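# What the coordinates show
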Amino acid sequence: LHKEYRRQRQMCIRDRLIIWHILLLEESYFMACRSCCTLLYLQKHRLFDRKWADLHMELINKFCNSFLFWAAWIIIPVMMEIVPSVGSVLVLLKKHLFKKKILKPAIDPEISLIIPIYNSMDTLEQCIQSIEDSDYPDSKIRIFLVNNQGQDNSFQVFCECQRKFPGLHMQWLNAKQGKSKALNLALFNSEGKYIIHIDSDGLLERSALRNMVYRFENDQSIECMTGVILTEPKQVQAYPLVFPRILRKMEFMEYAQAFLAGRNYSAEINAVYTLSGAFSAFRKSVVLKSQLYNTDTICEDTQITFQMKYLLKTKVGICEDAIFFVDPIEDLNKLYTQRQRWQRGSLEVSHLFLKNKLKIRNMFTNVGVRTLVYDHTFAFPRLIWYLALICLMCMNYSFAQVGYSTLFLYLLYVLIGFFDYISTVGFLKNFKEIRKYYAKQWYVLPLLPLFNLAVFFIRFAGVINSINTNSAWKTKNFTQEKDSLCKTITDDFAVVMRFIRKIRAIVNKPEEHV
């Protein structure tokens, strides 16, 4: 009964979001339709000359045929991409000109590190090693490793690490299946002033813990923070040349720009959409006042962020000097399932917190509504725009006009990447090796729009799949989706071919000789 209730509730969520998308699109065209109706009314009552009516109608038609069509691509990058990119440069200048000195507290506060474990035997030791190598005092760190119903030898690795790193205070906990349940169990057992979550398949930069704790100590207005997630450069370079390595470099650039440029600007205006599930920190006194991690969503990091913003009304920040390295994406299947999971989780959390705020006017004041509109509502006209490029030449658009327009939009996105590139280089000034590696990847910038385009189609597939599938961490990967599509097409054509063969058999039936 509980599973059936959850299924019915998810269907209700999807139906409401689809209805909201339709209402939002209708509202977008309301102004143009009202202008047309006004002109028709005035023309009927002969309140001005026919010539001027025709002229105004012609202008309105041109406006609808050109501006509304092209604005889907002009306004979206300007509003959602260029403004934050330029803003990140201004934030960098502000932090450089009005730099606040981070003071060392008189006593280093105690902290709790929570590490969810799920079949992590291959990466767990390196993760704990990075904690040992940290410049934060071992005596001030309490580590909780929460087993999330894993089936490998992670516990044996934990026992070995206890012998190898006797200075670290580590504790093993067993939780029910689900990352949210594991995190909640550790929260109840945590100690210290600050609680920091890290994933078991990543590595802390040496000064990450110290920088994050000191940032908390120097800014009492911040109650929770996200760190910076980067893919490990050495592992990126280990991939074969050309496409495999270029793909991982594009992912590295995407992560660096999203956190160091995008979220620095968002934090400046208190508009951080989500904390990173791989590396985030909270004041214990605040996080225990929340509803903790929700077990009904697969995007627990976004859900706890929305609790902080909308329920507790706290400030969400970023510590650009706290870096956590993760493995590069393994393959296309991993990228496909990861980005679809993020998209589905965004829909689930938006329904929980924004169902009464989904109005077009809130798009400019509420980062949750703005992100939902950009990722979901704008996805449908953007998809239509891609497909319409093929049909434009049948609508009196020349091939050159279509080509130049597409090239202009592509260069616009490259320009966005260039602004983010400048900001990211500036924010990495305290990490010379990483900054040097990042700066050398300038030639990847022109390829980032193509990577983002591929990610857009993956996320769009996540929107479609969320309509007819249940929420779960394990979903179909790209290969399985492709095989399923091919099978469906083959089965459909098999029906057609059987029908054609029957017709042929009837038509070509030989005549019987008398």
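Everything below is about the structure shown above.
Here's what I pulled together on the structure shown here. The model shown is predicted, which means the values in this text are computed figures rather than measured ones. (Residues numbered from 1 in each chain as written. Predicted model: local features only at pLDDT ≥ 70, side-chain atom pairs only at ≥ 80, totals over all residues. Heavy atoms only, no water.)

## Considering the pairing of strand S4 (residues 194-198)
When you tally the buried positions in S4, you get five out of five residues, the bulk of the element. As defined by bridge partners, strand S1 (residues 111-117) adjoins S4 across four bridges and the pair is classed as parallel. Residue pairing for S4: Leu113 is matched across the bridge by Ile196. Pairing analysis gives five bridges linking S4 to strand S7 (residues 279-283), with the strands arranged antiparallel. When the bridges of S7 are listed, Ile196 appears paired with Ala281. (Buried < 20%, exposed > 50% of the residue type's maximum accessible area, 1.4 Å probe, protein only. Helix = DSSP H or I, 4+ residues; strand = E, 2+ residues; numbered from the N terminus. Pairing = 2+ DSSP bridges.)

## Some words on the nonpolar core
Residues Ile131, Ile143, Leu145, Ile196, Ile198, Met212 and Phe279 are the most contacted members of the largest nonpolar core, which totals 96 residues. Looking at which element gives the most residues to this core, the answer is helix H9 (residues 243-268), with ten residues. If we ignore the near neighbours within four places in the chain, the residues touching Met212 are Ile196, Met225, Thr226, Gly227, Phe279, Ala281, Cys319 and Ala322. Membership of the second largest hydrophobic core comes to six residues, among which are Tyr273, Phe306, Tyr310 and Phe353. (Core = buried A, V, L, I, M, F, W, Y, C linked by side-chain atoms within 4.5 Å. Contact = heavy atoms within 4.5 Å.)

## Describing the environment of Asp138
Following the sequence through the fold, Asp138 ends up in the loop between helix H4 (124-132) and strand S2 (141-147). Residues Asp138 and His169, spaced 31 residues apart in sequence, show a C-alpha to C-alpha distance of 7.8 Å. With residues near it in sequence (within four places) discarded, Asp138 still touches Ile131, Glu132, Gly167 and Leu168.

## Focus on the pattern of salt bridges
Oppositely charged side chains may form a pair once their charged atoms are brought near each other. With the rule as written, the count across this model stands at twelve salt bridges. Arg210 is the partner of Asp135 in a salt bridge, and the nearest nitrogen-oxygen pair spans 2.8 Å. Separated by 75 residues along the polypeptide, Asp135 in the loop between H4 and S2 and Arg210 in helix H7 (residues 208-218) bring together distant segments of the chain. Residue Asp135 is classed as partly exposed on the basis of its relative accessible area, which comes to 25%. (Salt bridge = Lys/Arg side-chain N within 4 Å of Asp/Glu carboxyl O.)

## A short note on a nonpolar patch on the surface
A surface patch of nonpolar side chains, about 960 Å² in accessible area, is lined by Leu485, Ile489, Phe493, Val496, Met497, Phe499, Ile500, Ile503, Ile506 and Val507. Tracing the backbone shows Met497 in helix H18 (residues 478-507). (Patch = residues over 30% accessible without salt bridge, like charges linked within 9 Å, V, L, I, M, F, W, Y side chains within 5 Å. Areas by Shrake-Rupley, 256 points an atom, 1.4 Å probe, with all protein chains shown as cover.)

## Thoughts on a negative patch on the surface
Taken together, the side chains of Asp201, Asp327, Glu330 and Asp331 define an acidic patch exposed on the protein surface. Summarising the element assignment, Asp201 is placed in the loop between S4 and strand S5 (202-204). With relative accessibility at 37%, the residue Asp201 sits in the partly exposed group. (Lys, Arg positive; Asp, Glu negative; His and termini not counted. Charge placed at Lys NZ, Arg CZ, Asp CG, Glu CD.)

## Remarks on a positive patch on the surface
A contiguous patch of positive charge, built from Arg498, Arg501, Lys502 and Arg504, is present on the exposed surface. Note that Arg501 resides in helix H18. Looking at Arg501, the relative accessible area reads 47%, which means it is partly exposed.

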